[in-house]
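Below, each chain spelled out in residue letters.
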Amino acid sequence: MRAGPAAALFGAAALVAAAATTGPATAGDSAPEYTVVDGYTIPEPLTETPGDPVMGRKWVINRKLGNCLSCHQMPIPEEQFHGETGPALYGVGDLYDAGELRLRMVDPKVLNPYSMMPAFYKTEGLHRVRTGFEGKTILNAQQVEDIIAYLMTLKDTSGARAAADN
Ligand code: HEC
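Report on the accompanying structure. (Residues numbered from 1 in each chain as written. Predicted model: local features only at pLDDT ≥ 70, side-chain atom pairs only at ≥ 80, totals over all residues. Heavy atoms only, no water.)

1. As for the site of the ligand
Taken together, 24 residues surround the ligand, and among them Cys 68, Cys 71, His 72, Tyr 96 and Met 117 come closest. With respect to the ligand, the side chain of His 72 contributes an N or O atom lying 2.8 Å from a nitrogen atom. Take Ser 115: an N or O atom from its side chain is 2.5 Å from an oxygen atom of the ligand. Placement of the ligand is best described as lying within the largest pocket. The element contributing the most residues to the shell around the ligand is helix α4 (residues 98-106), with three residues. Its residues assigned to classes, the shell around the ligand comprises 15 nonpolar, eight polar and one charged. (Near = heavy atom within 4 Å. Polar contact = N/O pair within 3.5 Å; in protein donor to acceptor, adjacent residues only side chain to side chain. 1 Å grid on protein atoms, 1.4 Å probe; cavity = no way out; pocket = protein on both sides within 12 Å on 5 of 7 lines; lining within 4 Å. Sits in = over half its atoms within 2 Å of the grid points. Helix = DSSP H or I, 4+ residues; strand = E, 2+ residues; numbered from the N terminus. Nonpolar A, V, L, I, M, F, W, Y, C, P; charged D, E, K, R; others polar.)

Laid out in structure tokens, this is it:
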């Protein structure tokens with residue numbers, strides 16, 4: 001996020017306010033900015049700080065944030081339950097580049113209006129928004145970038161069978 005000091009202060013204030021009403025919630029951003037190019041990619045990163053794949057792996061596991069495992073199988077053997085609503089994400093870093101993954105994270109409905117996958121970086125046109133998340137994205141910009149960095153490391157499909165047998 002290209003945020004100046006004033007915006008950072010505002011963000012801190014908003015977080016405090018959210019925490020006061022909803023407990024230690026994980027509120028995202030209230031003014032997401034991104035540009036979809038040619039209807040299939042968001043080539044420009046959402047933050048200046050490059051994504052951190054180690055943090056990204058944490059966000060995808062976190063049931064209150066990404067909760068990606070509720071719908072996707074991933075090479076994360078320490079987590080018991082992996083859902084199958086969406087495709088397995090083994091090797092997804094070979095399938096797409098970062099910009100294509102970014103659009104899938106930000107707003108999958110651009111690609112598939114009937115997508116069951118939540119729009120993780122959008123505040124408008126959403127249904128069934130969880131209490132405390134009204135007007136806020138589910139993930140903040142840095143979390144989205146961290147997750148993209150993690151997904152880009154998934155180049156190997158060979159572990160898929162072993163995990164599925166768990
Ligand atoms: C409620 C279920 C659900 C959740 C939660 C979910 N997804 Fe998805 N995801 C899907 C479905 C279904 C698709 C298939 C394409 C579509 O319908 O949009 C998909 C597609 C994808 C794709 C493209 C895969 C491909 O092979 O084309 C990626 C990457 C992805 N999801 C990543 C994630 C990540 C990372 C998270 C967590 C931050 C996540 N998804 C959370 C349901 C979900």
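Still more to cover.
2. Side note on the pattern of salt bridges
Scanning all chains against the criterion turns up five salt bridges. Across the pair Lys 155 and Asp 94 runs a salt bridge, and its minimum N-O distance is 4.0 Å. Here the residue Lys 155 occupies a position in the loop between α5 (141-152) and α6 (160-164), and Asp 94 occupies one in helix α3 (residues 92-95), the gap between them amounting to 61 residues. (Salt bridge = Lys/Arg side-chain N within 4 Å of Asp/Glu carboxyl O.)

3. A short note on the coordination of the iron atom of the ligand
Here the iron atom of the ligand is held by His 72 (NE2) and Met 117 (SD), and the distances to it run 1.9 to 2.1 Å. Classification of the site at the iron atom of the ligand rests on its six donor atoms, whose angles at the metal span 86 to 179°, yielding the label octahedral. With His 72 in the loop between α2 (53-61) and α3 and Met 117 in the loop between α4 and α5, this pair connects stretches of sequence that are 45 residues apart. Note on His 72: relative accessible area 11%, which makes it buried. Of the residues examined, Met 117 reaches a relative accessible area of 22% and is grouped as partly exposed. (Donors = N, O, S within 2.8 Å, 3.2 Å for Na, K, Ca; no water. Tetrahedral: all angles 85-135°; square planar, octahedral: opposite > 155°, others 65-115°. Buried < 20%, exposed > 50% of the residue type's maximum accessible area, 1.4 Å probe, protein only.)

4. Side note on the nonpolar core
With 26 residues, the main nonpolar core has Val 60, Met 74, Met 105 and Leu 151 as its most contacted residues. Where this core is concerned, the elements lending two or more residues are α2, α4 and α5. No other element matches the six residues that α5 contributes to this core. Excluding residues within four positions of it along the chain, Met 74 makes contact with Val 60, Cys 68, Leu 69, His 82, Leu 89, Tyr 90, Tyr 150, Leu 151 and Leu 154. (Core = buried A, V, L, I, M, F, W, Y, C linked by side-chain atoms within 4.5 Å. Contact = heavy atoms within 4.5 Å.)

This is a description of form; function is not addressed.
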